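Residue strings, one per chain:
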Amino acid sequence: MSKRIAVLVSGGGTNLQALIDAQGRGEIPGGEIVAVIASTPEAYALERAKGAGIPGYVIARSDYPSAQAVTQALVEQLRDLDVHLVVLAGFMTILTRELFQAYENAVINIHPSLIPSFCGKGCYGLHVHEKALEYGVKVSGATVHFVTEECDAGPIILQKAVEVQPEDTPETLQRRIMEQCEWKLLPQAVALFCQDRLAVEGRIVTILPPKTQAM
Ligand code: GAR
């Protein structure tokens, strides 16, 4: 049975686009993006969804009294859509435990640093790259991980590094990490999940070999 994927977005949606393109090339066997849920109607990612013929929805924090209430609304929507995998692709609303209880080891996030560096509350988007440059690291990169209650601290699925160049600005570093890391890692991780190739034990994720087809 194909796994039904919902992608949650807040902004430009370049990671969503990478998933749509990978799906178009047949690189996500066993999975299908059935919904894009945005935290704001202004998210350009909704245009990308429309362009790909994927239904778009908006669930905005400002329409709910608490983080718990918005999470509950989200879980209801995901259940209505019969979703198996939730992908946070630049989703900037803090969610509460109701989501991770409903979807244990089935919520994936992409973060633009090598976790556990430059992550946690308040560390998102361009801020991550500003902090990396201020610190003077010589490599940075991206991490795809399962989401748990603790921000950016769930089991790591895939990581990829790039070199920081002396002339880098937050914007150039962000772009290099997106192009060389994020847009490759996220579709790979989603494909592995959809083929049941991720085994989680405590913090450790093991990538299982591909299943051989029965004759
Ligand atoms: C991406 O760089 C993603 O890794 C980051 O936001 C950007 C969204 O870009 N996510 C976080 O910082 C989460 N903590 P996109 O909308 O073009 O995919």
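Residues numbered from 1 in each chain as written. Predicted model: local features only at pLDDT ≥ 70, side-chain atom pairs only at ≥ 80, totals over all residues. Heavy atoms only, no water.

Chemist: So what exactly am I meant to see when it comes to the overall build of the protein here?
Modeler: A tally of regular secondary structure across the protein gives six helices and nine strands. A principal-axis box enclosing the C-alpha atoms of the protein has dimensions of 50 × 50 × 35 Å. Going through the 215 residues of the protein one by one, you find that 48% of them count as buried. Restricting to contacts in the protein with at least 6 residues of sequence separation, those with at least 24 account for 63%. For the protein, the exposed surface amounts to about 10,900 Å²; the carbon and sulfur share of it is 51%. For the protein, the centre of its 18 positive side-chain charges and the centre of its 24 negative side-chain charges are spaced 3 Å apart. (Helix = DSSP H or I, 4+ residues; strand = E, 2+ residues; numbered from the N terminus. Buried < 20%, exposed > 50% of the residue type's maximum accessible area, 1.4 Å probe, protein only. Contact = heavy atoms within 4.5 Å. Areas by Shrake-Rupley, 256 points an atom, 1.4 Å probe, with all protein chains shown as cover. Lys, Arg positive; Asp, Glu negative; His and termini not counted. Charge placed at Lys NZ, Arg CZ, Asp CG, Glu CD.)

Chemist: Whenever I open this one, the pairing of strand β8 (residues 198-201) confuses me. Can you help?
Modeler: Regular strands have side chains that alternate between both faces of the sheet. Here four bridges tie β8 to strand β9 (residues 204-207), and the two strands are oriented antiparallel to one another. Bridged to Ala 199 within β9 is Thr 206. Counted along the chain from β8 to the antiparallel partner β9, the turn is two residues long, and its residue Gly 202 has a positive phi close to 60°. (Pairing = 2+ DSSP bridges.)

Chemist: I'm lost on the site of the ligand in this one. Help?
Modeler: The full set close to the ligand counts 15 residues, and Gly 13, Thr 14, Asn 15, Gly 125 and Glu 182 are the nearest of them. Side-chain polar atom of Thr 14 to an oxygen atom of the ligand: 2.6 Å apart, as the coordinates give it. The contact in question runs from an oxygen atom of the ligand to an N or O atom on the side chain of Glu 182, over 2.7 Å. Here the ligand loses 92% of its free accessible area of 460 Å² to cover by the protein chains. Here the ligand is seated within the largest pocket. Only α1 (14-24), β5 (107-111) and α6 (170-194) provide two or more residues apiece to the shell around the ligand. Broken down by class, the residue content of the shell around the ligand amounts to six nonpolar, eight polar and one charged. (Near = heavy atom within 4 Å. Polar contact = N/O pair within 3.5 Å; in protein donor to acceptor, adjacent residues only side chain to side chain. 1 Å grid on protein atoms, 1.4 Å probe; cavity = no way out; pocket = protein on both sides within 12 Å on 5 of 7 lines; lining within 4 Å. Sits in = over half its atoms within 2 Å of the grid points. Nonpolar A, V, L, I, M, F, W, Y, C, P; charged D, E, K, R; others polar.)

Chemist: Explanation requested: the packing of aromatic side chains in the structure shown.
Modeler: Two numbers describe a pair of aromatic rings. These are the distance of the centres and the angle of the planes. By the definition in use, this model includes one aromatic pair. The interplanar angle of 70° and the centroid separation of 5.9 Å between the aromatic rings of Phe 118 and Tyr 135 together place this pair among those described as edge-to-face. Residue Phe 118 is located in the loop between β5 and α5 (126-135), and its partner Tyr 135 is located in helix α5; the two are separated by 17 residues in the primary sequence. (Phe/Tyr/Trp six-rings, centres within 6.5 Å; stacked < 30°, edge-to-face > 60°.)

Chemist: Just to check I follow, could you spell out the sheet that holds strand β3 (residues 56-58) for this structure?
Modeler: Strand pairing in a sheet relies on backbone hydrogen bonds, with the paired strands running either antiparallel or parallel. Taken in spatial order, the seven strands make up an open sheet running β3-β2-β1-β4-β5-β6-β7, and their pairing is mixed. Since the sheet does not close on itself, it has two edges, and those belong to β3 and β7 (156-163), each with one partner. Averaged over all neighbouring strand pairs, the angle between strand axes comes to 20°, with direction disregarded. As paired elements, strand β1 (residues 3-9) and strand β2 (residues 31-38) share seven bridges and run parallel to each other. Looking at the pairing, Val 7 lines up with Val 36 of β2. Across the sheet, α1 lies against β1, β2, β4 (85-88) and β5, angled at about 160° from β2, the strand it touches most. Helix-sheet contacts for helix α3 (residues 67-80) involve β1, β2, β3 and β4, and the interaxial angle to β2 is about 150°. (Axes fitted to C-alpha atoms, helices over the stretch in contact; angles between N-to-C directions.)

Chemist: I keep staring at the environment of Ala 132 and nothing clicks. Help me out?
Modeler: For Ala 132, the location among the structural elements is in helix α5. Classification of Ala 132 as buried rests on a relative accessible area of 1%. In this structure the C-alpha to C-alpha distance between Ala 132 and Arg 25, which are 107 residues apart in sequence, comes to 34 Å. Not counting the four nearest positions on each side in its chain, Ala 132 is found in contact with Phe 118, Val 137, Ser 140 and Leu 173.

Chemist: Looking at this model, I keep getting lost on the nonpolar core. Mind explaining?
Modeler: Most often, soluble globular proteins keep nonpolar side chains buried together rather than apart. Core analysis: the largest hydrophobic core is formed by 67 residues, its most contacted members being Val 7, Leu 78, Val 87, Ile 157, Leu 186 and Val 190. Among the elements that line this core, the one with the most residues is α6, at 10 residues. (Core = buried A, V, L, I, M, F, W, Y, C linked by side-chain atoms within 4.5 Å.)

Chemist: I keep staring at the side chain of Ser 113 and nothing clicks. Help me out?
Modeler: Turning to its location among the elements, Ser 113 is positioned in the loop between β5 and α5. Judged by relative accessible area, which is 0%, Ser 113 ranks as buried. A polar side-chain atom of Ser 113 sits 2.6 Å from the main-chain carbonyl oxygen of Ser 117. Every residue in contact with Ser 113, bar those within four places of it in the chain, is listed here: Phe 118, Val 128, Ser 140, Gly 141, Ala 142 and Thr 143.

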